[in-house]
Protein chains: 2
Amino acid sequence: MKIAILGAGNVGGALGKLWAGRGHEVRFGVPEPKSEKVTALLASTGGKAQAGSNREAAAASEVVVLSVPWPAAEKAIRDCGDLASKVVIDCTNPLRSDLTGLVLGHTTSAAEQVAAWSGAKVVKAFNTIGAGNYGNAEFAGTRADGFYCGDDAAAKGKVKPLIADIGLNPVDVGPLRNARLLEPLAMLWIDLAINQKWGPNHAFMLLRR
Amino acid sequence: MKIAILGAGNVGGALGKLWAGRGHEVRFGVPEPKSEKVTALLASTGGKAQAGSNREAAAASEVVVLSVPWPAAEKAIRDCGDLASKVVIDCTNPLRSDLTGLVLGHTTSAAEQVAAWSGAKVVKAFNTIGAGNYGNAEFAGTRADGFYCGDDAAAKGKVKPLIADIGLNPVDVGPLRNARLLEPLAMLWIDLAINQKWGPNHAFMLLRR
């Protein structure tokens with residue numbers, strides 16, 4: 001799959017490396033495609049990924065992954081130009097800078113904001129577990145869940161195997177408005193990791209019978 | 001332990017029955033202690049539980065469990081009189097009547113409202129899993145988690161074994177303000193059960209390594 005990744009930080013970098021290793025055509029959208037950091041990231045993919053502007057990366061891809069910090073999200077989306085025909089995967093969490101909570105929620109969500117800005121088919125995914133667990137999501141023999149939600153069944157069908165490629169068990173939790181519930185779940189993960197000092201080695205899963 | 005349970009519906013009834021069976025001294029606080037429904041509930045405990053007004057139940061108990069529907073919560077708490085010396089376990093979820101979301105959240109939570117009304121040491125617990133799973137919380141050999149949060153360590157110490165008594169694995173997720181995260185988690189459980197038609201046989205757990 002042709003995948004643009006807006007942002008090359010912990011989340012985008014880890015996703016891109018894993019997807020490139022799986023044979024996907026990965027293009028990072030970054031402000032400085034020739035920077036030392038981006039050059040090192042591309043080298044770490046064995047030359048299997050490229051980098052360009054947000055607009056270049058998005059134009060060449062069918063799936064656009066939003067993985068910049070929340071305050072940079074709107075600009076990154078608007079940089080891309082027309083996204084109406086794209087699937088956008090929103091990985092963001094709208095965190096307060098002091099990590100005491102979310103800057104928005106309850107009556108909306110980051111994912112719904114991204115949908116409004118982009119006009120794209122948005123799927124929320126990859127936000128409820130720390131990026132350090134991507135590609136390393138077995139916990140005592142049990143695979144952690146990768147929760148995702150969205151309103152477009154075809155878009156979710158494209159995202160589901162991308163979640164499995166990251167080593168997570170894809171769990172569809174319904175419409176995009178349920179991002180109002182997945183973003184607080186992510187905040188709980190983060191609060192436990194940072195504020196409650198658990199560190200990053202935990203993950204949510206849904207038991208079923 | 002002497003436990004008052006405000007409300008004798010699905011949640012309170014199930015908790016009271018299980019705790020009475022474990023030897024706790026259970027008193028239901030209900031508007032009509034002699035009603036057919038309450039009489040049947042008391043009979044189902046083998047006569048090990050009692051019923052009275054909210055005030056009578058609370059006065060005789062060290063732990064007061066709030067398990068009425070959210071619109072009835074404030075009155076139930078105020079009925080009890082002075083709760084400053086009590087531990088209050090808040091099991092509620094502030095659901096919209098059409099189950100499309102919560103009536104409050106993000107900047108507050110039901111649990112924080114209950115703390116403001118009662119002046120008690122409040123612990124949020126039992127809200128993130130359907131009551132039908134109380135006493136029946138093994139999922140393919142794995143015990144579901146019973147998440148709880150609160151600001152008072154001694155109160156949490158009293159609640160933890162009560163969670164284990166219900167068959168859940170107690171998981172302390174920090175301060176009471178994290179009810180802002182547990183209530184959306186409960187909403188996700190409910191949305192999956194009802195709106196996404198999963199039914200009640202699922203439960204969240206935290207994988208760790």
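As a starting point, this report considers the structure included with it.

Definitions and cut-offs
Residues numbered from 1 in each chain as written. Chains lettered and ligands numbered in written order. Predicted model: local features only at pLDDT ≥ 70, side-chain atom pairs only at ≥ 80, totals over all residues. Heavy atoms only, no water. Helix = DSSP H or I, 4+ residues; strand = E, 2+ residues; numbered from the N terminus. Rg over C-alpha atoms; globule rule 2.2 N^0.38 Å. Buried < 20%, exposed > 50% of the residue type's maximum accessible area, 1.4 Å probe, protein only. Contact = heavy atoms within 4.5 Å. Areas by Shrake-Rupley, 256 points an atom, 1.4 Å probe, with all protein chains shown as cover. Least-squares fit on C-alpha atoms with pLDDT ≥ 70 in both. Buried area = accessible area lost by both parts, 1.4 Å probe. Polar contact = N/O pair within 3.5 Å; in protein donor to acceptor, adjacent residues only side chain to side chain. Pairing = 2+ DSSP bridges. Axes fitted to C-alpha atoms, helices over the stretch in contact; angles between N-to-C directions. Right-handed = clockwise from strand over helix to strand, strands pointing away.

### Some words on the overall build of chain A
Reasoning step 1: Looking only at helices and strands, chain A has seven helices and eleven strands in total.
Reasoning step 2: Here chain A has a C-alpha radius of gyration of 16 Å; the compact-globule value for 209 residues is 17 Å, and the two agree.
Reasoning step 3: With the C-alpha coordinates of chain A rotated into their principal frame, the extents come out at 45 × 35 × 35 Å.
Reasoning step 4: Every one of the 209 residues in chain A was classed for burial, and the buried ones make up 57%.
Reasoning step 5: A sequence separation of at least 24 residues applies to 69% of the contacts in chain A between residues at least 6 apart.
Reasoning step 6: Of the roughly 8,200 Å² of accessible surface on chain A, a fraction of 51% belongs to carbon and sulfur atoms.

### With respect to the relation of the copies chain A and chain B
Reasoning step 1: The two copies are related by a screw motion: chain A maps onto chain B through a turn of 180° and a shift of 0.0 Å along the axis, at an RMSD of 0.0 Å. The superposition operator between the copies reduces to a two-fold rotation axis.

### Some remarks on the interface of chain A and chain B
Frequently, the measure chosen for interface size is the accessible area that the parts lose on association.
Reasoning step 1: Taken together, the contact pairs 41 residues of chain A with 41 residues of chain B.
Reasoning step 2: Taking both partners together, chain A and chain B bury about 3,400 Å²; carbon and sulfur atoms supply 62% of that area.
Reasoning step 3: Together, His106(A), Leu207(A) and Arg209(A) form the three largest contributors to the area buried by chain A at its contact with chain B, with a combined 24%.
Reasoning step 4: For the interface between chain A and chain B, the tally reads 15 residue pairs in polar contact (both at pLDDT 80 or more).
Reasoning step 5: Mapped by element, the contributors of at least two residues to the side of chain A that touches chain B are strand 7 (138–139), strand 8 (142–143), strand 10 (169–172), helix 7 (179–195) and strand 11 (202–208) of chain A.

### As for the sheet that holds strand 9 (residues 145–150) of chain B
Residues and elements named next belong to chain B.
Reasoning step 1: Taking strand neighbours across the sheet as the criterion, the eight strands line up as 3-2-1-4-5-6-9-10 in an open arrangement whose pairing is mixed. Two strands close off the open sheet at either side, each with one partner strand: strand 3 (49–52) and strand 10 (169–172). Going across the sheet, the axis of each strand differs from the next one's by a mean of 25°, ignoring polarity.
Reasoning step 2: Here four bridges tie strand 9 to strand 10, and the two strands are oriented parallel to one another. Across the sheet, the residue bridging to Tyr148 is Asp172, located in strand 10.
Reasoning step 3: Packed on one face of the sheet, helix 2 (residues 36–44) meets strand 2 (25–29) and strand 3 and runs near 160° to strand 3.
Reasoning step 4: Relative to the sheet, helix 5 (residues 110–118) contacts strand 4 (63–66), strand 5 (87–90) and strand 6 (121–124), its axis offset from that of strand 6 by approximately 160°.

### Section: unusual backbone geometry
Generally, phi is negative for residues other than glycine and the peptide bonds are trans, each holding for most cases.
All names here are of chain B.
Reasoning step 1: Phi is positive for Leu99, which is not a glycine, with a value near 60°.
Reasoning step 2: On the secondary structure map, Leu99 appears in the loop between strand 5 and helix 5.
Reasoning step 3: Of note in this structure, Phe126 is not a glycine but carries a positive phi near 70°.
Reasoning step 4: Inspection of the secondary structure puts Phe126 in the loop between strand 6 and strand 7 (138–139).

### Quick look at the pairing of strand 4 (residues 63–66) of chain A
All names here are of chain A.
Reasoning step 1: The side-chain alternation of strand 4 yields two buried faces, one formed by Val63 and Val65 and the other by Val64 and Leu66.
Reasoning step 2: Pairing of strand 4 with strand 5 (residues 87–90), which is carried by four bridges, proceeds in the parallel orientation. Bridged to Val64 within strand 5 is Val88.
Reasoning step 3: Once the chain exits strand 4 it traverses helix 4 (residues 73–79) before rejoining the sheet at strand 5, and the crossover so formed is right-handed.

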